[in-house]
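Here are the chains, one letter per residue:
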Amino acid sequence: MLYVKLTLRNLQRSMKEYAIFMLTMVISMMLMYSFMAVAFSEQVLQLSKHMDAFAQVILVVSMGLVIVIGWLISYIANFMLRKRSREFGMYLLMGMTRKQVCRMFLLEQFCMGLFAYGIGCILGLFTFQILLAIIQHIFGIAYQFAFRFSIPAAGVTFLAFLILYAYELVKEYRILHHVNIHTLLYQDQQNETVKKGRLHTLMYMLGAILCAAVGLKLFYDGMRNGIRDVEETKKLLPAVLLIIASIYACFLGLSGFLQHFLDQHKQLKYQHNRMFLLGRLQGRLRSNRIVLATLSLLTLVTICFLCFGMKFKETTDLTIHSAAPFDLQVITQHQQYIKKAAGFLAEKKLTYEDHTYQTYTHLRDDVKVKQTFAKALDHTAYDSTYYRTTTFMRYADVQRLLQLKGKKVPALEKDEYMLVVSKKQQELMESYCRKHPFTINGKLMKLRYVCTEEILQTMYFVVVPDVYVQGVKGDTFYYVAQSAKELPSAWEDQLYERCSNSQLQEYSSVRLHSSYVETSMFSYVTIVFCLFYAAFIFICAAGTILATQQLSDLEAQKYEYALLHKMGASRKTLYRLLHYQNLLYFLLPLLLPAFFMIPILNSLDIMFTTTDATTPMYMYLGITLALFFTIYLAYYALTYISCRRNLDI
Amino acid sequence: MTLLRVEHVEKYYGNGGNLCKALDDISFTMEQGEFMAVMGASGSGKTTLLNVIATIDTPSGGDIYVQDENVSTKKEEALAAFRKQQLGFIFQDLNLLNTLRIDENIALPLTLLHYDTKQIDEKVLKMAQRLGIEDVLLKYPYEVSGGQRQRCACARAMIHQPSLILADEPTGALDSHASYLFMEQLLQRNTEDHASILMVTHDAFSASYAKRILFLKDGKIFNELYRGEYSRSSFYQKILDVMMLLGGDVHAIR
């Protein structure tokens, strides 16, 4: 009974002392449950045929996040063990067996986790509704409230919880079982060994700068050249490792660097109570270098995830229009499938308009053509063999296609041509065309009009008067149709079967706008949701660890501030110092991400060069940082309020 | 010149029927440059007396004057300024900030006073040399011995030349040799720098360095001893004689 009583009392006390950690665990369990519930929800699975893949992706991401949450639990459990080492030492000293002490501590930890799981699942019922509403809105479906407890979601979340705690409990059991009583009793009096000397600090800081410079350069080169040559992407892994090494090296040397800097600039140090503030900060830096470096890395990853997610949204929105410009589009090398596609639609008795056309890689054999359009793309992301060939189209075909989209285009004279180009490349192509001649039979062709309407899945093509392609054998056959009503996405597979013959190895590309939208929305939901899910967990984990570290030495903090008060610092000064102390500590892990953010985002942006997205990724930093700081500063505020309450001056 | 005047000071703890009188009508004065000790058994009120003089605690009654300024009626901001400028503290243990080096701990009062930053290092070095701790200036408190830590605390208490240095059981956590070294240093500061020192202690050896000792018993002044012309060892004996009575009355000695 004594042990049960002790365990319950310890549990009550731990839940109060580590309230911020409990909050994060509840949030983690809540998010895990709600994402699992989304993945297993019938309403979500019905939205698209791809949504079962969504469930698998969520599962994989959740298992990945289990590692991060597991690290957080491990950190806090170790922390508790260190802080309460004297208490456990006393239990053993008074005669409790190690088994009894282990059982008490592990039961306490398990109950804390179970509590978080229970509350998390209950709150998850509500966050699931929010996620469901968002997903249904993305797919253009009216939200329907359906309060249902998802047993599979609760089961998978419980499994994750068991994995998290099983490993941790075994680890703590082994520690408690083998540590000696003396170590437990005097652990809190141990201090870290201070490595002094400029050489050490210089090595770390120079190493950090070198790794950062080389890493960022490699990363940029890998991304930029990787678009043209896949082999170049091999640079990305060493680049990432160098950036990580740079972060850790920086934090290993930062405390020493700060000390040396302040010793050289004593005037800076002695002013405005900075010495006390920076002394506390340095103490924290020395004790928690590795953890702070890890949090810094997590923060950088979080910011990249959030910006990437927002850029992906922009790309998805724009790509839908360019990738599926018509309700139906069939592309094939074999003309007979065009008739079959047209026949399929005719059977459905729909109201629609259609058109069949071809594209050409050259004009009539009897005309002398001089053009260098492909050179416009030299030294750009499109500088590859795929874009070396210029595509030509007949004016009549383009006129009809634009008519289907409700647009008009001016007529072309015999010595005029039109350029159809993506909005992103309009300036580049138009300025090139105006400077470099396009001649037919020695006569200069005038650029009559530049159109940015999405018609063909190519970056640009040249529209010439019909006469120049008369009798020319086209390369590819196209069939497009615009319907009064949206065509069901299920027809895509049927059309594909009708327009292909696997025995003869003849295949057509069939693209239904509705199906493409569904697939895009699925990709968007999967990628963006997972990125935001992971980012949220990372921010909460970082905030929890920082808060716990600050709150962990409340007694020592109380004593130091009391001493300062006795020496004549007013209450106002002390509260201000406390605020700066906490703020600086919370800002420490953001130091390096602030430096790495923009070069890394610029490099990642290269991935989107060949898409229609024009907004640079770093432009999303504003919203990203707003989201990030909303959660991060909530943790800071909770920490400051707790510290201030404890000061008791 | 009178530095400190304590007039009819009282301190109560608790309320209603559970009242505890820690200080009961204490009155005394202390002159400039005097080295005074306050002795008594545990619970006699000596630390409480030190705390009210230091303005860390407020007296329930009476007045305390430091250099003719009544400190018992000052507001919080004024008290903070008073402590910063006029007082220096040495405690038994947990004196120093572990996050600052020894030199930074010593410099702390000067930074609180916004002292001229160009002169801080020089002052710190001079003080450290006088206390024999210049070799450990760049170390952290947990890297040095207890005696060195206390001498650092002494340096910190004196660096801004306060009117009054308050020491609460300064040798409580030190071994005999370290206590001896520390008390020798404290005495030197009193004789050479004319520092006014009010020390609370239960240790007769430490108290024998003072010129005057107040004995407290149950919150009241029980006795007072002046060293006068006595040697330290004789004074030490006299202290022991008085201390015998602190725990009980003459008839209790068999």
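The structure presented is a predicted model; accordingly, all values stated were derived computationally and were not measured. Residues take numbers from 1 onward in each chain, read along the sequence in its written order. Key to labels: chains lettered from A, ligands numbered from 1, both in the order written. Where totals are concerned, whole chains, interfaces and linings use all residues; where local detail is concerned, this predicted model gives features only for residues with pLDDT of at least 70, and gives and counts side-chain atom pairs only at 80 or more. Based on all heavy atoms of the structure, the side-chain values leave hydrogens and waters out of the count.

### Quick look at the overall build of chain B
- A count of helices and strands for chain B gives eight helices and 10 strands.
- C-alpha atoms define the radius of gyration, and 2.2 Å times the number of residues to the power 0.38 defines the globule rule. A compact globule built from 254 residues should have a C-alpha radius of gyration of about 18 Å, and chain B, at 18 Å, falls within 12% of that.
- Oriented by its inertia axes, the alpha-carbon framework of chain B measures out at about 60 × 45 × 35 Å.
- Counting every position in chain B, which comprises 254 residues, the buried fraction comes to 52%. The secondary structure listing takes helices from DSSP runs of H or I that are at least 4 residues long and strands from runs of E that are at least 2 residues long, numbered from the N terminus. Classification of residues uses two cut-offs on accessible area relative to the type maximum, computed with a 1.4 Å probe and protein chains only: under 20% is buried, over 50% is exposed, and between them is partly exposed.

### A look at the UniProt feature "domain: ABC3 transporter permease C-terminal" (unreviewed entry) in chain A
- UniProt positions are given in the numbering used here, feature names are shortened, and annotations may be inferred rather than shown by experiment. According to UniProt, the feature "domain: ABC3 transporter permease C-terminal" (unreviewed entry) maps to residues 61-165 and 534-642 of chain A in the numbering used here.
- Across residues 534-642 of chain A one finds 79% helix and 0% strand; the C-alpha atoms that close the span lie 28 Å apart.

### Considerations on the sheet that holds strand β4 (residues 61-66) of chain B
Residues and elements named next belong to chain B.
- An order of β2-β1-β4-β5 is seen for the four strands of this open sheet, with the pairing classed as antiparallel. Because the sheet does not close on itself, it has two edges, and the strands there are β2 (20-31) and β5 (69-70).
- Strands are labelled as partners when DSSP assigns at least two bridges between them. With eight bridges connecting them, strand β1 (residues 2-13) and β2 associate as antiparallel partners. The residue of β2 that forms the bridge with Leu4 is Met30.
- Throughout, a contact is declared for two residues whenever any of their heavy atoms are within 4.5 Å. Axis definition: a line fitted to C-alpha atoms, limited for helices to the stretch in contact. Angles are taken between N-to-C directions and run from 0 to 180 degrees. The strands touched by helix α1 (residues 46-53) within the sheet are β1, β2 and β4, with β2 carrying the most contacts at an inclination of about 60 degrees.

### Describing the packing of helix α12 (residues 274-287) of chain A against helix α20 (residues 571-587) of chain A
Residues and elements named next belong to chain A.
- The contact between α12 and α20 brings their axes to 10 Å, and the two run at 35 degrees. With respect to the hand of their crossing, α12 and α20 are arranged in right-handed fashion. Each of Phe276, Leu277, Arg280, Leu281 and Arg284 in α12 lies in contact with α20, whose residues at this interface are Leu577, Tyr580, Gln581, Leu584 and Tyr585.
- In this classification, the charged set is Asp, Glu, Lys and Arg, the nonpolar set is Ala, Val, Leu, Ile, Met, Phe, Trp, Tyr, Cys and Pro, and all remaining amino acids, among them Gly, are polar. Of the residues that constitute the contact of α12 with α20, the class distribution is seven nonpolar, one polar and two charged. Helix crossings are classified by the rotation of the near helix relative to the far one: an anticlockwise turn of less than a right angle makes the crossing left-handed, while a clockwise turn makes it right-handed.

### Some points on the packing of aromatic side chains
- Two rings belonging to Phe, Tyr or Trp (six-membered ring only in the last case) form a pair when the distance between their centres is within 6.5 Å. Interplanar angles under 30 degrees mark stacking, angles over 60 mark edge-to-face geometry, and anything in between is tilted. Overall, the coordinates contain 29 aromatic pairs over all chains when judged by the stated rule.
- Between the aromatic rings of A:Phe373 and A:Tyr417, the centroid separation amounts to 5.9 Å while the plane-to-plane angle is 65 degrees, which identifies the pairing as edge-to-face. With A:Phe373 in the loop between β3 (369-370) and β4 (392-394) and A:Tyr417 in strand β5 (residues 416-421), this residue pair connects regions lying 44 residues apart in the sequence.
- Look at A:Phe595 and A:Phe596: their rings are 5.1 Å apart centre to centre, the planes differ by 65 degrees, and that puts the pair in the edge-to-face class.
- Feature note: the residues A:Phe586, A:Phe628, A:Phe629, A:Tyr632, A:Tyr636 and A:Tyr640 constitute an aromatic cluster, connected by ring pairs.
- Seen from the ring of A:Tyr585, A:Arg284 lies directly overhead, with NZ or CZ sitting 5.8 Å from the centre.
- Any Lys NZ or Arg CZ found within 6 Å of a ring centre and within 35 degrees of that ring's normal is scored as a charge over the ring. The ring of B:Tyr65 has B:Arg5 lying over it, and the distance from NZ or CZ to the ring centre is 4.2 Å.

### Topic: the sheet that holds strand β6 (residues 439-440) of chain A
- Within the open sheet, the three strands sit side by side as β3-β6-β7 (chain A). Their pairing is antiparallel. Across the chains shown, the open sheet's two edge strands, defined by having one partner strand only, are β3 and β7 (443-444) of chain A.

### Observations concerning the domain arrangement of chain A
- The domain limits used here are those given by an automatic or database domain assignment. Split by domain assignment, chain A resolves into domain 1 (1-190) and domain 2 (327-516).
- Using C-alpha coordinates to define each centre, domain 1 of chain A is positioned 56 Å away from domain 2 of chain A.

### Section: the confidence of the model for chain A
- Within chain A, residue pLDDT values average 85, and 96% of them lie at 70 or more.
- For chain A, per-element mean pLDDT is lowest for helix α8 (residues 181-186) of chain A, which scores 69, and highest for helix α15 (residues 395-404) of chain A, which scores 92. Confidence scores per residue from the predictor, reported as pLDDT, run from 0 to 100.

### Notes on the pattern of salt bridges
- Salt bridge, as used here: a side-chain nitrogen of Lys or Arg that lies within 4 Å of a carboxyl oxygen of Asp or Glu. Overall, the coordinates contain 37 salt bridges over all chains when judged by the stated rule.
- Among the salt bridges present, the one from B:Glu104 reaches A:Lys269, with a minimum N-O distance of 2.8 Å. Remark: A:Lys269 occurs in helix α11 (residues 266-270) and B:Glu104 occurs in helix α3 (residues 102-112); the pair is interchain, linking two chains.
- Judged by its relative accessible area of 3%, B:Glu104 is buried.

### Things to note about the confidence of the model for chain B
All names here are of chain B.
- Of the residues in chain B, 94% reach a pLDDT of 70 or more, and the chain-wide mean stands at 87.
- Confidence drops under a pLDDT of 50 for residues 249-254, and excluding neighbours within four residues, the segment shows three contacts in the predicted structure.
- Taken together, the chains of this predicted complex give a pTM of 0.77 and an interface ipTM of 0.74.

### As for helix α5 (residues 146-158) of chain B
- A helix is expected to span 1.5 Å for every residue after the first. With 13 residues, α5(B) ought to run about 18 Å at 1.5 Å a step, and its terminal C-alpha atoms sit 19 Å apart, in line with that.
- Counting buried positions along α5(B) gives 10 out of 13 residues, so the element sits mostly inside the fold.
- For α5(B), the complete set of buried residues consists of B:Gly147, B:Gln150, B:Arg151, B:Cys152, B:Ala153, B:Cys154, B:Ala155, B:Arg156, B:Ala157 and B:Met158.
- Elements that come into contact with the buried residues of α5(B) comprise α19 (554-566) of chain A together with β6 (87-90), α3, α4 (117-131), β7 (164-168) and α6 (176-193) of chain B.

### Here's the deal with the nonpolar core
- Core analysis: the biggest nonpolar cluster contains 237 residues, and A:Phe21, B:Leu4, B:Ile53, B:Leu198 and B:Ile213 have the highest contact counts within it.
- Counting 26 residues, the second largest nonpolar core, distinct from the first, contains A:Tyr360, A:Ala376, A:Leu419 and A:Val450. Only buried residues count toward a nonpolar core. Its members are Ala, Val, Leu, Ile, Met, Phe, Trp, Tyr and Cys residues joined through side-chain atoms within 4.5 Å.

### With respect to the interface of chain B and chain A
- Of the residues lining the interface, 34 residues belong to chain B; the matching set on chain A comes to 31 residues.
- Taking both partners together, chain B and chain A bury about 3,000 Å²; carbon and sulfur atoms supply 56% of that area.
- Between chain B and chain A we count three salt bridges in total.
- Notably, a salt bridge pairs B:Asp121 with A:Lys266, separated by 3.0 Å at the nearest N-O pair.
- Identification of polar contacts relies on pairs of N or O atoms within 3.5 Å, with a donor-acceptor requirement for protein atoms, meaning one able to donate a hydrogen and the other able to accept it, and with residues adjacent in sequence counted only if both atoms are side-chain atoms. Our count for the contact surface shared by chain B and chain A stands at 11 residue pairs in polar contact (both at pLDDT 80 or more).
- Those elements giving two or more residues to the side of chain B that touches chain A turn out to be α2 (76-86), α3 and α4 of chain B.
- When grouped by side-chain class, the residues that make up the side of chain B that touches chain A number 17 nonpolar, six polar and 11 charged. Accessible surface is computed with a 1.4 Å probe, and the buried area is the amount of it that two parts give up when combined, taken over both parts together.

### A short note on helix α16 (residues 426-435) of chain A
Residue and element names in this part refer to chain A.
- When α16 is considered as a whole, its buried residues turn out to be Met429, Tyr432 and Cys433. Taken around the axis of α16, the buried residues stretch over an arc of 100 degrees, which confines them to a single face. Away from the buried face of α16 by more than 90 degrees, exposed residues Glu427, Arg434 and Lys435 are located.
- On the buried face of α16, the contacting elements are β5, β8 (446-451) and β9 (460-464). Arc, as used here, means the arc of the directions from the helix axis to the C-beta atoms.

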